Amino acid sequence: MFLFRRGPKRVTVQQAAERTGAEGDAVLLDVREQQEWQVGHAPHAVHLPLTMPAAGAALPDVAQGRRLMVVCRSGGRSRRAAVLLAGRGTRDAGPTSST
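In this report, we go over the structure that sits alongside the text. (Residues numbered from 1 in each chain as written. Predicted model: local features only at pLDDT ≥ 70, side-chain atom pairs only at ≥ 80, totals over all residues. Heavy atoms only, no water.)

Observations concerning the environment of E36
Basically, it comes down to this: Note on conventions: DSSP H or I runs of at least 4 residues are helices, E runs of at least 2 residues are strands, and numbering of each starts at the N terminus. Contacts were defined at the residue level, with two residues in contact if any of their heavy atoms lie within 4.5 Å. Under this definition, polar contacts are N or O atom pairs within 3.5 Å; protein pairs additionally need one hydrogen-donor-capable and one acceptor-capable atom, and for neighbouring residues in sequence, both atoms have to be side-chain atoms.
Along the chain, the position of E36 falls in helix α2 (residues 34-39). It is 8.4 Å that separates the C-alpha atoms of E36 and R73, two residues lying 37 residues apart in sequence. E36 has contacts with R73 and R77, leaving out every residue within four places of it along the chain. One polar contact links the side chain of E36 to the main-chain amide nitrogen of E33, over a distance of 2.9 Å.

Written out as C-alpha cells, the structure reads:
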C-alpha cells in the first residue's frame, strides 16, 4: 500500500489495519475486480475496481475527502490507482505492501 504525500510511500498491512479499522482515520480502497472481491476482502474495505476510476468514476461517498489506502492482489493495480487518484487531487492515496 502506498500513502501519497510527496510521492508514494508503502505502508505495511499492519499499518493499514491500524489506520482503516473502526477507530482509523483512513479508508481501505480495494481496487480488485468484482470476482476477486467476492472471493474475499478485508474487513471494512470499500470496493472500487480500478477500471472505474480509470474511466472517470467518482470515489464512493464513504471515501470522499478521506485518506485512502489502496489495495489489490499483488500491488500493480493499487499502485496505478494511487497514482491516478493522487493526480486527481485525492488527499492521500497509496498501495499496500503484503510484507
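Moving on from the coordinates now.
Examining the sheet that holds strand β3 (residues 67-71)
One key point about sheets: their strands pair by backbone hydrogen bonds, in either a parallel or an antiparallel sense. Note the threshold: DSSP bridges decide pairing: two strands pair if at least two such bridges lie between them.
If you trace the three strands from one edge of the open sheet to the other, you get β2-β1-β3, paired in parallel fashion. Each edge of the open sheet is held by one strand with a lone partner, namely β2 (46-47) and β3. Relative to β3, strand β1 (residues 26-30) runs parallel, the two sharing five bridges. Paired with L28 across the bridge in β3 is M69.

Brief notes about the environment of G56
Where we set the bar: Residue burial is assigned from relative accessible area. The probe radius is 1.4 Å, only protein chains are included, and a residue is buried under 20% of its type maximum, exposed over 50%, and partly exposed in between.
With respect to the helices and strands, G56 occurs in the loop between α3 (51-54) and β3. Judged by relative accessible area, which is 52%, G56 ranks as exposed. Along the sequence, G56 and R88 sit 32 residues apart, while their C-alpha atoms lie 9.9 Å from each other.

Describing the pairing of β1
The element β1 is extensively covered by neighbouring structure, given that five of its five residues are classed as buried. Side chains A26, L28 and D30 of β1 all project onto a buried face; the interleaved residues V27 and L29 project onto the opposite face, where all are buried too. Examined bridge by bridge, β1 and β2 share two bridges and lie parallel to one another. When the bridges of β2 are listed, L29 appears paired with V46.

Description of the pattern of salt bridges
The condition is simple: Salt-bridge detection follows one rule: a side-chain nitrogen of Lys or Arg within 4 Å of a carboxyl oxygen of Asp or Glu.
Counting across every chain of the model gives five salt bridges. The salt bridge partner of D30 is R32, with a shortest N-O separation of 2.8 Å. With respect to burial, D30 and R32 carry one shared label: buried. With its nearest N and O atoms 2.7 Å apart, the salt bridge here joins E36 to R77. Note that E36 is positioned in helix α2 and R77 in helix α4 (residues 76-87), a separation of 41 residues in sequence. Judged by its relative accessible area of 16%, R77 is buried. Residues joined by salt bridges that share partners form a network here, namely R19, D25 and R67.

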